[in-house]
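Close look at the chain arrangement
Letter by letter, the chains look like this.
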Amino acid sequence: MSAETQELLSICEQLPEAKRVEVADFARFLLAQQGDERWEQIIAETKARPKLDAFLKESAREGSQPLDLDRL
């Protein structure tokens, strides 16, 4: 276990239950944010995506129409 992990555990043990819950919530937030950052990197990539480009062109040619619930 790293020194930082041990220190965090020691700090959490000294906190009241409500504050420990807040610390855990914040840690989950940071973890989720890390995943968001990766998605932002993927979306921002400028490399060619020929299959996606072809799909977008094809779907734009097909046009669109309002959703007809009776046809579902």
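Residues numbered from 1 in each chain as written. Predicted model: local features only at pLDDT ≥ 70, side-chain atom pairs only at ≥ 80, totals over all residues. Heavy atoms only, no water.

Considering the pattern of salt bridges
Put simply, the rule is: One side-chain nitrogen of Lys or Arg within 4 Å of one carboxyl oxygen of Asp or Glu is enough to make a salt bridge. Only runs of H or I of at least four residues qualify as helices and only runs of E of at least two qualify as strands under DSSP, and these elements are numbered from the N terminus. Exposure is judged per residue with a 1.4 Å probe applied to protein chains only, and the accessible area is read against the type maximum: over 50% gives exposed, under 20% gives buried, and values in between give partly exposed.
One pass over the structure, following the stated rule, counts five salt bridges. For Arg 20, the salt bridge identified is with Glu 17, shortest N-O distance 2.6 Å. Pair noted here: Arg 20 and Glu 17 are both in helix 2 (residues 17-44), with a separation of three residues, about one helical turn. Taking relative accessible area as the criterion, Arg 20 reaches 29% and is therefore assigned partly exposed. Between Glu 45 and Lys 47 there is a salt bridge; the shortest N-O distance is 3.9 Å.

Considering the environment of Thr 46
Looking at the element boundaries, Thr 46 is found in the loop between helix 2 and helix 3 (50-62). Overall, Thr 46 belongs to the exposed group, its relative accessible area being 78%. Each C-alpha atom of the pair Thr 46 and Leu 72 lies 38 Å from the other, and the pair is 26 residues apart in sequence.

Digging into helix 3
How we decide: Residue count minus one, scaled by 1.5 Å, sets the expected span of a helix.
Taking 1.5 Å of rise per residue, the 13 residues of helix 3 would be expected to cover 18 Å, and the 18 Å separating its terminal C-alpha atoms lies within 8% of that figure. In terms of burial, helix 3 is largely open, as just zero of its 13 residues are buried. Positive backbone phi, at 75 degrees, marks Gly 63, one or two positions downstream of helix 3.

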